[in-house]
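Chain and residue survey
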Amino acid sequence: MELHSVEELMDLLYACRGVRDTRGPARTPVDLHEHALRTAALLRRSRPADKELQVTGLVHPIGQLLRPGDPAGQAAHAADAVRLLLGQRVSRLIRRHPWLGGSAEDDLASLRQAAEESRGAGFDAGVLEDWRTVLELVAERHSTLRTVD
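Notes on the structure follow. (Residues numbered from 1 in each chain as written. Predicted model: local features only at pLDDT ≥ 70, side-chain atom pairs only at ≥ 80, totals over all residues. Heavy atoms only, no water.)

**Some details on the packing of aromatic side chains**
Under the counting rule described, the total for this entry stands at zero aromatic pairs. The side chain of R45 reaches across the aromatic face of F123, ending 4.7 Å from its centre. (Phe/Tyr/Trp six-rings, centres within 6.5 Å; stacked < 30°, edge-to-face > 60°. Lys NZ or Arg CZ within 6 Å of the ring centre and 35° of its normal.)

What follows is the structure, given as structure tokens:
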């Protein structure tokens with residue numbers, strides 16, 4: 001499945017509401033929708049200029065909707081789904097999810113830290129609609145780059 005619009009992506013992100021994930025540290029169940037919002041919000045605080053990194057934190061859980069019951073293939077499927085819409089960097093970072101291991105790459109370390117912190121965070125991360133403009137910005141930027149290439 002390839003996503004062709006921000007609207008399609010938003011629909012998938014809304015569908016994450018109520019879907020529980022227990023694969024994180026200590027198997028603490030989290031709502032994918034809330035986890036995505038908190039991860040993106042934490043990345044916005046720590047890396048405010050890096051919209052692609054923030055978007056990666058926001059959209060990474062869609063693999064669990066696209067490939068339920070296939071934990072090994074979820075990240076790759078999500079990465080493939082967003083590549084044309086959000087670009088190669090976002091796709092590559094999602095593909096590397098769950099961002100574990102000894103990678104020294106700064107982006108992966110930031111994503112891992114935000115994802116882990118968001119599991120225990122009890123703050124209001126806003127609503128998904130707050131992210132529409134950022135998603136549109138990243139999609140437009142990528143679309144412009146594709147046209148130039």
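Moving on from the coordinates now.
**Remarks on the packing of helix 2 (residues 32-46) against helix 3 (residues 51-59)**
For the pair helix 2 and helix 3, interaxial distance at closest approach is 7 Å and the crossing angle is 165 degrees. With respect to helix 3, the axis of helix 2 lies roughly antiparallel. Between helix 2 and helix 3 lies a crossing whose hand is right-handed. Of the residues in helix 3, those touching helix 2 at A36, L37, T39, A40, L43 and R44 are L53, Q54, G57 and L58. Within the contact of helix 2 with helix 3, the residues separate by chemical class into six nonpolar, three polar and one charged. (Axes fitted to C-alpha atoms, helices over the stretch in contact; angles between N-to-C directions. Helix = DSSP H or I, 4+ residues; strand = E, 2+ residues; numbered from the N terminus. Parallel < 35°, antiparallel > 145°, perpendicular 65-115°, else oblique. Left-handed = near helix turned anticlockwise from the far one by under 90°. Contact = heavy atoms within 4.5 Å. Nonpolar A, V, L, I, M, F, W, Y, C, P; charged D, E, K, R; others polar.)

**Comments concerning helix 3**
Across the nine residues that make up helix 3, a large majority, eight, are buried. For helix 3, every residue scored as buried is listed here: E52, L53, Q54, V55, T56, G57, L58 and V59. (Buried < 20%, exposed > 50% of the residue type's maximum accessible area, 1.4 Å probe, protein only.)

**A look at helix 5 (residues 71-86)**
The end-to-end C-alpha distance of helix 5, which contains 16 residues, comes to 22 Å, matching closely the 22 Å that a straight helix rising 1.5 Å per residue would cover. Within helix 5, the axis deviates most sharply at D80, by approximately 25 degrees. After helix 5 finishes, the residue G87 shows a positive phi value of roughly 100 degrees. (Expected span 1.5 Å × (residues − 1). Bend = angle between axes of the 7 residues up to and from the residue.)

**So, the pattern of salt bridges**
Applying the stated criterion to the full structure yields 14 salt bridges. We note a salt bridge from R89 to D50, for which the minimum N-O separation is 2.8 Å. Of this pair, R89 sits in helix 6 (residues 88-95) while D50 is found in the loop between helix 2 and helix 3, placing the two residues 39 residues apart along the sequence. For R89, a relative accessible area of 23% gives the class partly exposed. Where D80 meets R95, a salt bridge forms, and the shortest distance between an N and an O atom there is 2.4 Å. Of this pair, D80 sits in helix 5 while R95 is found in helix 6, placing the two residues 15 residues apart along the sequence. (Salt bridge = Lys/Arg side-chain N within 4 Å of Asp/Glu carboxyl O.)

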